[in-house]
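Structural overview for review
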Amino acid sequence: MKKTYRHIFFDLDHTLWDFESNALQTLKDIYSSLRLYEFGIEDFERFHHQYILHNDKLWERYRNGFIKVDELRWKRMWYTLLDFKIGDEKLARRMGDEFLNLLPTRTILFPHTNEILDYLQRNGYSLHLITNGFENTQHNKLKYSNIDGFFSKVITSEGSNSLKPHREIFDYAYKITGANASDSIMIGDNIEVDINGARNAGMDQVFVNHINDQPDENATYTVYSLIELKEIF
């Protein structure tokens, strides 16, 4: 017998909003507009690869409380420039600012995002977001992608003063939505952050395995495409 859920909490980046594709497009624009090739960065693919490495490492440090938001925003650019022997902090900060200005205006969503959100909303579920992103940035992503109307509450790490996978952000989400762990489910792509975080907060989970990664046998459900959520709800 299927469990009855009332509240569905989605992750945003990498689950609904295609972060990799949108970030790639944004970095290409910055590479061209700031003429980074004139600084000696002739290989965009290598530049993109190094950025991803530093971004992932700094996000992990940010989640664990070792660095502040401002450091994350510009140091991912700073460390990438250093890989090309460019020690220009002013340029790194400008790149960081332009990235955050441009990125939220991108609109690439994973296949079936609008279809599944419309389906769930029409079937009476209360839809919310729990995201580790910044408040203005995440709200702009939703607005430009035209999916903001689907969500009753948007819980960000900045707005809640906590981060997934920590229990505090889920407790905050319960409080402001009126949800309970027993009638809620978390849908996300990251096993450590979304799935384990929700499990530790007493909530069922759906692991969205877009990249056909190693499945999490402990997740309540696993799907490989958003359209498969129709089989659960």
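The coordinates are above.
Residues numbered from 1 in each chain as written. Predicted model: local features only at pLDDT ≥ 70, side-chain atom pairs only at ≥ 80, totals over all residues. Heavy atoms only, no water.

**As for the overall build of the protein**
Per the secondary structure count, the protein includes nine helices and six strands. For 233 residues, the compact-globule estimate of 2.2 N^0.38 gives 17 Å, and the protein sits close to it at 18 Å. Contacts spanning at least 24 positions in sequence make up 63% of the contacts within the protein whose residues lie at least 6 apart. Summing over all exposed atoms, the protein offers an accessible surface of approximately 11,400 Å²; the carbon and sulfur share of this is 45%. With 27 positive and 35 negative side-chain charges, the protein shows a spacing of 4 Å between the two charge centroids. (Helix = DSSP H or I, 4+ residues; strand = E, 2+ residues; numbered from the N terminus. Rg over C-alpha atoms; globule rule 2.2 N^0.38 Å. Contact = heavy atoms within 4.5 Å. Areas by Shrake-Rupley, 256 points an atom, 1.4 Å probe, with all protein chains shown as cover. Lys, Arg positive; Asp, Glu negative; His and termini not counted. Charge placed at Lys NZ, Arg CZ, Asp CG, Glu CD.)

**Structural notes on the sheet that holds strand β5 (residues 204–208)**
The strand order across the open sheet built from six strands is β3-β2-β1-β4-β5-β6, with neighbouring strands paired in parallel fashion. Looking at which strands have only one partner, the edges of the open sheet turn out to be β3 (153–156) and β6 (221–223). With direction set aside, neighbouring strand axes in the sheet form an average angle of 20°. Where strand β1 (residues 7–10) meets strand β2 (residues 126–131), four bridges bridge the pair, whose relative direction is parallel. By the bridge assignment, I8 is partnered in β2 with L127. (Pairing = 2+ DSSP bridges. Axes fitted to C-alpha atoms, helices over the stretch in contact; angles between N-to-C directions.)

**Let's talk about a negative patch on the surface**
Taken together, the side chains of E20, D56, E60 and E192 define an acidic patch exposed on the protein surface. Considering the arrangement of structural elements, one finds D56 in helix α2 (residues 44–63). Among the residues examined, D56 registers a relative accessible area of 46% and is labelled partly exposed. (Patch = residues over 30% accessible without salt bridge, like charges linked within 9 Å, V, L, I, M, F, W, Y side chains within 5 Å. Salt bridge = Lys/Arg side-chain N within 4 Å of Asp/Glu carboxyl O. Buried < 20%, exposed > 50% of the residue type's maximum accessible area, 1.4 Å probe, protein only.)

**Brief notes about the side chain of R76**
Residue placement: R76 occurs in helix α3 (residues 69–83). D56 is the oppositely charged side chain nearest to the buried, salt-bridge-free R76, at an N-O distance of 8.5 Å. A distance of 3.5 Å separates the side chain of R76 from the backbone oxygen of L72, its partner in a polar contact. Here R76 is in contact with Y51, H54, N55, L58, W59, E71, F99 and L100, once residues within four sequence places are set aside. (Polar contact = N/O pair within 3.5 Å; in protein donor to acceptor, adjacent residues only side chain to side chain.)

**Description of the nonpolar core**
Counting residues in hydrophobic clusters, the biggest one holds 51 residues, and the most contacted among them are F10, F151, L229 and F233. Look past the residues within four positions of F10 in its chain and what remains in contact with it is T15, L16, L117, L120, L127, H128, L129, I130, F151, M186, I187 and L229. Residues F170, Y174, M186 and A201 belong to the second largest nonpolar core, which totals 12 residues. (Core = buried A, V, L, I, M, F, W, Y, C linked by side-chain atoms within 4.5 Å.)

**Digging into the packing of aromatic side chains**
Applying the stated criterion across every chain yields a total of 14 aromatic pairs. The interplanar angle of 55° and the centroid separation of 5.9 Å between the aromatic rings of W74 and W78 together place this pair among those described as tilted. Taken as a pair, W74 and W78 lie in helix α3 at a separation of four residues, close to a single helical turn. Across this residue pair, the class does not change: W74 and W78 are buried. Taken together, the aromatic side chains of Y31, Y37, F44, F47 and F84 make up a single cluster linked through ring pairs. Above the face of the F134 ring, R73 is positioned so that its terminal group lies 4.3 Å from the ring centre. The ring of W74 carries R93 above its face, with NZ or CZ at 4.2 Å from the centroid. (Phe/Tyr/Trp six-rings, centres within 6.5 Å; stacked < 30°, edge-to-face > 60°. Lys NZ or Arg CZ within 6 Å of the ring centre and 35° of its normal.)

**Notes on helix α6 (residues 135–145)**
Here α6 has its buried residues at T137, Q138, K141, L142 and S145. Considered in projection along α6, the buried side chains sweep an arc of 135° and stay on one side of the axis. Contacts from the buried residues of α6 go to α1 (19–33), α4 (89–102), β2 and β3. Trailing α6 by a residue or two, N146 shows a phi angle of about 65°, which is positive. (Arc of directions from axis to C-beta.)

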